[in-house]
Amino acid sequence: MMASRVARIPHYTSPYLFSPRISPTLRFHPHQLPAFHVPLPQFQSSVPNYFRQGTQRGFSMWESPAWSRSSGHIHWQNFLKKCQKSHKWFSEKIKALLQTNFGLGLATIFAGSVSNVVYTQYTNRIREIKLQSALAMGAVPDIERKVNFVERLGATKAIESILKPHIDYEHYNMIVGNHGTGKTTLVRHVGHKLDGILYVSIRPNCASDKSFAEEMAKAFHWTSPTHFWLDRLLAYWGISTAATADDTRALLDRVFNEFHNQAKLFKIKNGRTPVLVLDNVNRLAQDNPKLLNVLQDMAKDAADDGTYITVFVTSEGKAPIQMLSRSSSSRLGKVMEIGDLNHEEAIDFLCNKRGISKSTSQEIYGLVGGRLGLLGSTINELHSGQNFTDVRTLLLTDAKKVLRNAGMDQKAQFEPIAKPIAQFILKHGRISLDDFYKIAGAQGDKLLSIDVFTNVPRTEWVFFDTRPMEIAVGALVGEAAG
Ligand SMILES: Nc1ncnc2c1ncn2[C@@H]1O[C@H](COP(=O)(O)OP(=O)(O)OP(=O)(O)O)[C@@H](O)[C@H]1O
Ligand SMILES: [Mg+2]
């Protein structure tokens, strides 16, 4: 076996290459050096310290393998010794340093910085996951009372198509309807089942920039990123802006910037455009119209870029009037109206969902029409022990209060304009937008903003805002409501 292996080893192609006669190394054999004839220990002691190691190494090249092995061993041992020495020296120095205040301070800063970096990385990663989950898992709260819920199939389908826009869709949308027609309920009912939607509701008395920014941050699970301590310090000195910028507009910008980034990611991952739903924006038109303008402009830009689609949910009146009068309305796509239940649906709701007798249901419908919010509150009043006449008085008092606040009670300045419009609607059930503006002139927008008359944007008819309002105005102008 051995023999055959040896036999297979090929000859060197050039035997002269390693020949002592020819090899360039051996041409300068150490025997030719004068120092070679001096015994090694003597030679080592005769050369300066810094040459010794080099000299040994140099000799080890030419000496026998046995000599070389023992020399390597010595080197290794030397190296270990040196390491031990340095380690000892280093730990003594560190120990000494740590016993001084300065050293202890340095060590604390070092340890603090390392743990701060780890903490910063960890918390920012968790933050990123939360932000992604807001869109990926769906973030629309479900409706609370499902037992009484009336399925409105046509409206549900239309809302679903608005909340799931086509990838190439480049407009923002509006869902509009009078107070209590069920916009919020339907949007939440449909949106809760879908992903890729961020839902922000403007709560009562929360229309300031700060409240809105905080509400959006909450819905989006947005928190300020954690900063490394040095960034904070630089920001404090005004050298960097990374960790400050706590004024409210900046907060809004930061939340929107982050939403912008996450929307892009969502679109790449899912091949769909995410949707931002802003509910109850009529509260902004009332208390903070500038913010509504900003949001409309951002909605236009986002639609242009195809980053996300905004859906404004609002009652009729000020908000749609304000939004439609601006140039950004050029990108307004669908305007979907959510109206009242018709007679049949309302009676079905009262009898079968709320357990009201047929005769009382007819009476309730005569008082409030098919407005879900009013149907619900009338039933609650009746259940709390009030009789029907009391409930009627209560609702008509509320309507008269709206008229009084608008300066339209008996001797008010708008009466001359409002009266012919009211009489026309009481007679014909509605008035065309053209006729309405012919009579109201420049006061038309104001009349449509005060919850007496109502017009769905982009439609041509004007009605009374509610059935109780119709009854109250009828009593005022001396004509019974139809
Ligand atoms: N489909 C429905 N089935 C049963 N009840 C409903 C339905 N839609 C709305 N309601 C009830 O009607 C009331 C008003 O609904 P909602 O708040 O959704 O109306 P809205 O149009 O958003 O009102 P607003 O303009 O004031 O915000 C609520 O009490 C709600 O429970
Ligand atoms: Mg609502």
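In the block above lies the structure referred to throughout.
Residues numbered from 1 in each chain as written. Chains lettered and ligands numbered in written order. Predicted model: local features only at pLDDT ≥ 70, side-chain atom pairs only at ≥ 80, totals over all residues.

### Concerning the site of ligand 1
Line of reasoning, step 1. Around ligand 1, 18 residues are found, and the nearest of them are Gly 182, Lys 183, Thr 184, Thr 185 and Gly 373.
Line of reasoning, step 2. Every element with two or more residues in the shell around ligand 1 is listed here: α8 (183–191) and α17 (372–383).
Line of reasoning, step 3. Broken down by class, the residue content of the shell around ligand 1 amounts to 3 nonpolar, 12 polar and 3 charged.
Line of reasoning, step 4. Taken together, domain 1 (123–337) and domain 2 (343–477) each give at least three residues to the shell around ligand 1, which thus spans both. (Near = placed C-beta within 6 Å. Helix = DSSP H or I, 4+ residues; strand = E, 2+ residues; numbered from the N terminus. Nonpolar A, V, L, I, M, F, W, Y, C, P; charged D, E, K, R; others polar. Domains from an automatic or database assignment.)

### Some points on the sheet that holds strand β2 (residues 197–201)
Line of reasoning, step 1. One open sheet accounts for 5 strands, arranged β2-β3-β4-β1-β5; its pairing is parallel. The sheet terminates laterally at β2 and β5 (332–337), the two strands that pair on one side only. Going from strand to strand, the sheet's axes swing by 15° on average, the running direction of each strand aside.
Line of reasoning, step 2. Pairing analysis gives 4 bridges linking strand β1 (residues 172–176) to strand β4 (residues 309–314), with the strands arranged parallel. Counterpart to Val 176 in the pairing with β4 is Thr 314. (Pairing = 2+ DSSP bridges. Axes fitted to C-alpha atoms, helices over the stretch in contact; angles between N-to-C directions.)

### What to know about the packing of helix α7 (residues 153–163) against α8
When two helices pack together, you describe them by how their axes are tilted relative to each other and by the distance separating the axes.
Line of reasoning, step 1. Two elements in contact, α7 and α8, have axes separated by 9 Å at closest approach and are oriented at 60°. Along this stretch, α7 crosses α8, giving a crossing that reads as right-handed. Only Leu 186, Val 187, Val 190 and Gly 191 of α8 make contact with α7, whose side of the interface consists of Ala 155, Thr 156, Ile 159, Glu 160 and Leu 163.
Line of reasoning, step 2. Class assignment for the residues of the contact of α7 with α8 results in 6 nonpolar, 2 polar and 1 charged. (Left-handed = near helix turned anticlockwise from the far one by under 90°. Contact = placed C-beta atoms within 7 Å.)

### Brief notes about the packing of helix α18 (residues 388–405) against helix α22 (residues 467–477)
Line of reasoning, step 1. Relative to each other, α18 and α22 sit at 70°, their axes nearing to 9 Å. Comparing the axis directions of α18 and α22 gives the class roughly perpendicular. Listed contacts from α22 to Leu 395, Leu 396, Asp 398, Ala 399, Lys 400, Val 402 and Leu 403 of α18 are Pro 468, Met 469, Ile 471 and Ala 472.
Line of reasoning, step 2. Residues that form the contact of α18 with α22 fall into these classes: 9 nonpolar, no polar and 2 charged. (Parallel < 35°, antiparallel > 145°, perpendicular 65-115°, else oblique.)

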